[in-house]
Amino acid sequence: MPQSRTKSPATRRPAAGQSLRLGIDLGGTKIEIPALGAAPAGERELLRRRTPTPREDYAGTVEAIGALVAAAEKEIGGKGTVGIGIPGSISPATGLIRNGNSTWLNDKPLKQDLEARLGRPVQLANDANCFALSEAADGAAAGAASVFGVILGTGVGGGIVIGGRIVTGANGIAGEWGHSPLPGRSAADGPPRRCWCGRPDCIETFLSGPAFERDYAAAGGVRIRAHEIAQRAEQGDATARAALARYEEQLARALAMVMNLVDPDVIVLGGGVSNIAALPRDVPKLWGPHVFSDRIATRLVTAKHGDSSGVRGAARLWGADGAA
Ligand SMILES: [Zn+2]
């Protein structure tokens, strides 16, 4: 199993009395693990490792996670709790994974198989839920009573954290705003779209990074990354400015729907598109007409922990005392 060291701090041992929490981000291209040592005075990262995801190989994916945990625990010299952020969600009806774009995990009893491989109970949660939990705990929304975490990346996801706890929902889909139709859809939003999930005009087909990039290219630009489009907009490129303005208006409408339902104190943006600094500045200027309130106190912020939020939240699926 190839493993590569990243630029994380060198391995440290948990101090006496600390509990060890292992978080795993199971992505479509890589599996990443940090180990967090929890202590009353705070929490620190003890190590971080990653390995390529064995794509299209379910048994290999389970084994890769088992090997990562074993290697981390051997290096640290302790046994920890394991929380895992997954694409998709666990069906409350069947206990199987579904809705994930890493399709080789779908319809599989991943929780049971990992528990058998690791010899302990594990917690699994949608990766956007883990992101929201991390940012609500000690990130950009620390201290807020209600948080909506938004992932604007290859896909569009979301998670709701209220009172420091993830809201899972009766169907296990709370926060999955990306697969609702774009609110206030008009001809200005372009021709009809069909999402990979089979539904028409999903928010994801407008607000994912690839969707933004396609929109700019189709409007006369070239195929470049989302943050590069934003750079061109700042430099005065009219096509890029128009594409970014369309994106911001669509994001404002989509977030206004969330505000009318959840009314969160803070909305945290994560994922690759959230690197566009203009979003938290511009979008609150646009969402007012779509929100059913005369005054808006909701704050729109960018994630504090960046790409690490999901995996930090996964580690937090077990409380600091080892209880879920
Ligand atoms: Zn969809």
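Please refer to the structure placed before this passage.
Residues numbered from 1 in each chain as written. Predicted model: local features only at pLDDT ≥ 70, side-chain atom pairs only at ≥ 80, totals over all residues. Heavy atoms only, no water.

**Examining the packing of aromatic side chains**
Our working definition: Aromatic contacts are taken between Phe, Tyr and Trp rings whose centres are within 6.5 Å, Trp giving its six-membered ring; a plane angle under 30 degrees counts as stacked, one over 60 as edge-to-face, and the others as tilted. To qualify as a helix, a DSSP run of H or I must reach at least 4 residues; to qualify as a strand, a run of E must reach at least 2; elements of each kind are numbered from the N terminus. Relative accessible area decides the class of each residue, using a 1.4 Å probe on protein chains only: under 20% of the type maximum gives buried, over 50% gives exposed, and in between gives partly exposed.
Counted under the stated rule, the structure contains two aromatic pairs. With a centroid separation of 5.8 Å and 90 degrees between ring planes, the pair formed by Phe148 and Trp177 is classed as edge-to-face. In this pair, Phe148 is assigned in strand β9 (residues 146–152) and Trp177 in the loop between β11 (165–166) and α4 (204–207), connecting sequence segments 29 residues apart. With relative accessibility at 2%, the residue Phe148 sits in the buried group. Seen in terms of ring centroids, Phe212 and Tyr247 are 4.7 Å apart; in terms of plane orientation they differ by 40 degrees. Their pairing is tilted.

**Digging into helix α5 (residues 209–218)**
Stated formally: Contacts are assigned to residue pairs with any non-hydrogen atoms lying within 4.5 Å of each other. Any N or O atom pair separated by 3.5 Å or less is treated as a polar contact, with the protein-specific requirement of one donor-capable and one acceptor-capable atom, and with residues adjacent in sequence counted only for side-chain atom pairs.
Three or more residues of α5 are buried, namely Gly209, Ala211, Phe212, Glu213, Asp215 and Tyr216. Buried residues belonging to α5 abut α4, α6 (226–234) and α7 (238–261). Where α5 begins, one side-chain oxygen reaches toward the backbone nitrogen of Ala211, 3.1 Å away; that side chain belongs to Ser208. Note on α5: the residue one or two positions beyond its end, Gly220, has a positive phi of about 115 degrees.

**Regarding the coordination of the zinc ion**
Where we set the bar: Because water is not among the atoms used, a metal site may look incomplete, as its donors are only the N, O and S atoms within 2.8 Å, or 3.2 Å for Na, K and Ca. By the criteria applied here, four donors are tetrahedral when all angles lie between 85 and 135 degrees, four are square planar and six octahedral when opposite donors are over 155 degrees apart and every other angle lies between 65 and 115, and any other arrangement is irregular.
The protein atoms that coordinate the zinc ion are His179 (ND1), Cys195 (SG), Cys197 (SG) and Cys202 (SG), at distances spanning 2.1 to 2.4 Å. Taken together, the four donor atoms surrounding the zinc ion define angles of 106 to 117 degrees at the centre, an arrangement classified as tetrahedral. Read N to C, the donor residues that coordinate the zinc ion are spaced as H-x15-C-x1-C-x4-C. Pair noted here: His179 is in the loop between β11 and α4 and Cys202 is in the loop between β11 and α4, with a separation of 23 residues, a long-range link. When its relative accessible area of 23% is taken as the criterion, His179 is described as partly exposed.

**Some points on the environment of Ile33**
Relative to the helices and strands, Ile33 is located in strand β3 (residues 30–39). You can call Ile33 buried: its relative accessible area is 0%. With residues up to four places along the chain from it excluded, the contact list for Ile33 reads Leu22, Gly23, Ile24, Leu47, Arg48, Arg49, Leu68, Val69 and Ala72.

**Brief notes about the side chain of Ser91**
For Ser91, the location among the structural elements is in the loop between β6 (89–90) and β7 (97–98). In this structure Ser91 comes out as buried when scored by relative accessible area, which is 9%. In terms of polar contacts, Ser91 uses its side chain to reach the backbone amide nitrogen of Ala93, at 3.1 Å. Not counting residues up to four positions away in its chain, the partners in contact with Ser91 are Leu96 and Arg98.

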